[in-house]
Amino acid sequence: MKNILLVSHQSDLSGAPISLYLLAKELDKKQFNVFYLTPTLGPIISKLNESKIKTIILDNKELSKNRFIRKIKRLTYSAKIFKIIKEKKIDLIHVNTILANFGAQAGYKAKIPVIWHLRETLQNPRFNLISKKKINQISNKVIVASQAIKDIISQFVSKEKIEIVYNGVDLNQFDSNLESKIKEEFKILPETKLIGIIGSLEENKGVDFFIQAAAKIKQEIPKIKFLIIGKTLLNQKKYLDFLKNLTKKLGIENDIIFSGARTDITQIIKALDVVVISSKFEAFGRTIIEGMAMEKPVIASNCGGIPEIIEDGKSGILFPVGDIDSLATNVVKILQDKNLALKLGKEGKKRVEEKFSIKKCTQKIENIYEEILNKKIYEKK
């Protein structure tokens, strides 16, 4: 049995930590002794404990809101992980996102195979060329969540190192027949339509596009509410203020609900009539496959890895990035055509079952593990 260390960059319930958690849960425990390492305390810990996954927490405190303190603490992580690798006799380290570079550096120093799993776009200016080239230097394999990411990182990572593995969902957790009390919680009448967007509140998610489209949709369908689900990132407080001011400017502040972060995502999705993703760029888009798994019609920006998930007009609808009129028109079209909504929902569920189950995702990753671990001599090129 091989000892595998999975390293998460943070401990919240955003897409990357959840994807890593699902992998940890699904990996064959007869072949792999799995450890999930997270830098700080956070909501992912309870999920790990419920699933009896061996968990290592580097700092038994919540993530600091002070950016300077966060940076100082991050400088200590690599040495701590190096020590853990030696103590637990780790055979392979699998680091999740470019921000978990402290884990990759520890694995490289310990001279064990490093798998670097990239689930982000890498278009952020803070990911400079030096940090990007380190991915190629340190890793044995680079797993990416879409062809869109592969196209980007092929500029600085050897193509033979890159493997595409789509994110997956645990289909057992997405029961389209469950009952939802979300409308009751928010005092929304049963007959009122509910449109939702799920994700962290940051500029790249295009929540302002969603709000502008909401104003247009409201003109066509008066009995409607809009739900914005997600936490505000530490450096995005001004963006949240901007969004709230925008709702007032458009006169729809009473129709928009900011719910904050939620753990009951299946309950949320069940209550929605349409799931919207209005991002400016998405490496993949976990919310999309979650909505599809719940047989909900999904409308999403035609960018990044999203077209690899949605077959436009069949398993969902794509619209040009920032095209508010197109977004609004398509939402109204779905709300006014029950047959279309049902068709998109059923085809979306079928699409997830065929391509985006956690079982298929895990099988591919297990094959990568075996390929690397079975090599007596491995090279970092």
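All values derive from a computational prediction rather than experimental measurement. Going along each chain's sequence as written, the residues are numbered from 1 onward. Only residues with pLDDT of at least 70 get local features here, since the model is predicted, and only at 80 or more are side-chain atom pairs given and counted; chain-wide, interface and lining totals rely on the full set of residues. Remark: hydrogens and water are excluded; side-chain values derive from all non-hydrogen atoms of the structure.

What am I meant to see in the overall build of the protein chain here?
The helix count covers DSSP runs of H or I at least four residues long, the strand count covers runs of E at least two residues long, and both are numbered beginning at the N terminus. For the protein chain, the helix and strand inventory stands at 14 helices and 13 strands. All radius of gyration figures rest on C-alpha atoms, and the globule criterion is 2.2 Å times the number of residues raised to 0.38. Here the protein chain has a C-alpha radius of gyration of 21 Å; the compact-globule value for 381 residues is 21 Å, and the two agree. Once the C-alpha set of the protein chain is aligned to its principal axes, its extents read approximately 65 × 45 × 40 Å. Accessibility here uses a 1.4 Å probe with only protein chains present; expressed as a share of the type maximum, an area under 20% marks a residue as buried, one over 50% as exposed, and anything in between as partly exposed. Sorting the 381 residues of the protein chain into buried and exposed places 55% on the buried side. Any two residues whose heavy atoms approach within 4.5 Å at even a single point are treated as in contact. A fraction of 68% describes how many contacts in the protein chain between residues 6 or more apart in sequence connect residues 24 or more apart.

Looking at this model, I keep getting lost on the sheet that holds strand β5 (residues 114-118). Mind explaining?
Paired through backbone hydrogen bonds, the strands of a sheet run either parallel or antiparallel to each other. We call two strands paired when DSSP finds no fewer than two bridges between them. The strand order β3-β2-β1-β4-β5-β6-β7 describes an open sheet built from seven strands, whose pairing is parallel. Because the sheet does not close on itself, it has two edges, and the strands there are β3 (54-62) and β7 (162-164). Looking at each pair of strands side by side, their axes are set apart by 20° on average, direction ignored. Pairing analysis gives six bridges linking strand β1 (residues 2-7) to strand β2 (residues 32-41), with the strands arranged parallel. Within β2, the residue paired with V7 across the bridge is L37. With respect to the sheet, helix α1 (residues 15-26) is in contact with β1, β2 and β4 (92-96), its orientation differing from that of β2 by roughly 155°. In this analysis, axes come from line fits to C-alpha atoms, helices being fitted only over the stretch in contact, and the angle between any two N-to-C directions falls in the range 0 to 180 degrees.

What is the right way to read the packing of α1 against helix α14 (residues 358-373) from this model?
To describe two helices that pack against each other, one gives the angle between their axes and the distance between the axes. Contact geometry of α1 with α14 gives a least axis separation of 10 Å together with a crossing angle of 75°. The orientation of α1 relative to α14 falls into the category roughly perpendicular. Note on element contacts: α14 touches α1 through I358, K359, T362, I365, E366 and Y369, opposite L22, L23 and E26. For the contact of α1 with α14, the residue count by class is five nonpolar, one polar and three charged. In these notes the angle categories are as follows: under 35 degrees is roughly parallel, over 145 is roughly antiparallel, 65 to 115 is roughly perpendicular, and the rest is oblique. Note on residue categories: nonpolar means Ala, Val, Leu, Ile, Met, Phe, Trp, Tyr, Cys or Pro, charged means Asp, Glu, Lys or Arg, and polar means any other residue, Gly included.

How should I be thinking about the side chain of R286 in this particular structure?
Its place among the elements puts R286 in helix α11 (residues 286-293). On the basis of relative accessible area, R286 is assigned to the buried category, the value being 10%. Any pair of N or O atoms that falls within 3.5 Å is considered a polar contact. Within protein, one atom must be able to donate a hydrogen and the other to accept it, and sequence-neighbouring residues count only if both atoms are side-chain atoms. In terms of polar contacts, R286 uses its side chain to reach the side chain of S19, at 2.8 Å. In contact with R286, other than residues within four places in its own chain, are G15, I18, S19, L22, N167, G168 and V169.

Please clarify how the pairing of strand β9 (residues 224-229) should be interpreted in this entry.
The two faces of a sheet get side chains in turn, since along a regular strand they alternate between them. Counting buried residues along β9, five of its six residues qualify, which places the element largely inside the surrounding structure. For strand β8 (residues 193-198) and β9, the ladder comprises six bridges, and the chain directions are parallel. Paired with I197 across the bridge in β9 is I228. Look down the strands so they point away from you; if the path from the first strand over the helix to the second goes clockwise, the crossover is right-handed. Traced from β8 through helix α8 (residues 207-220) to β9, the parallel crossover comes out right-handed. As judged from the four bridges shared by β9 and strand β10 (residues 256-260), these two strands associate in the parallel manner. What sits directly across from F226, in β10, is I256.

Would you take a moment to explain α11 for this structure?
Think of an α-helix as turning once every 3.6 residues; residues three or four places apart then point the same way. With eight of eight residues buried, α11 is to be regarded as a mostly interior element. Against the buried residues of α11 lie α1, β8, α10 (265-271), β11 (274-277), β12 (298-301) and α13 (338-355).

Just checking my understanding: could you explain the packing of aromatic side chains for this structure?
Remark: the centre distance and the inter-plane angle together describe each pair of aromatic rings, the angle taken between the planes. Between 30 and 60 degrees the pair is tilted, below 30 it is stacked and above 60 it is edge-to-face, where a pair is any two Phe, Tyr or Trp rings, Trp via its six-membered ring, whose centres lie within 6.5 Å. Under the definition given, this model contains seven aromatic pairs. Consider the rings of F210 and F226, whose centres lie 6.1 Å apart with planes at 80°: the pair is edge-to-face. On the criterion of sequence distance, the pair formed by F210 in helix α8 and F226 in strand β9 is long-range, its members being 16 residues apart. The class for F210 is buried, based on a relative accessible area of 3%. What links up through ring pairs into an aromatic cluster is the set Y166, F284 and F356. We note K244 situated over the ring of F258; from NZ or CZ to the ring centre the distance is 5.7 Å. For a lysine, the NZ atom is tested; for an arginine, the CZ atom; a charge sits over a ring if that atom is within 6 Å of the ring centre and within 35 degrees of the ring normal.

Mind showing me how you'd approach the side chain of E282 here?
Considering the arrangement of structural elements, one finds E282 in the loop between β11 and α11. Exposure remark for E282: the relative accessible area of 10% places this residue in the buried category. Engagement of the side chain of E282 in a polar contact is seen with the side chain of K205, the distance being 2.7 Å. Ignoring anything within four residues of it in the chain, the contact list for E282 reads T121, K205, I277, C303, G304, G305 and I306.

Help me out: how do you make sense of the sheet that holds β10 in this one?
The parallel open sheet is built from six strands, whose spatial order is β10-β9-β8-β11-β12-β13. Because the sheet does not close on itself, it has two edges, and the strands there are β10 and β13 (317-319). Each neighbouring strand pair of the sheet contributes to a mean axis angle of 25°, computed without reference to strand direction.

What am I meant to see in unusual backbone geometry here?
A negative phi angle characterises most non-glycine residues, just as the trans form characterises most peptide bonds. Of note in the backbone geometry, K89 takes a positive phi value of approximately 55° without being a glycine. Examined against the element boundaries, K89 turns out to sit in the loop between α3 (67-88) and β4. Take K89: its relative accessible area is 64%, and that puts it in the exposed class. With a phi close to 55°, K187 is a non-glycine residue in the positive phi region. A residue is classified by how much of its surface remains accessible, and K187, at 76% relative accessible area, is exposed.

Read these as spatial facts, not as claims about activity.
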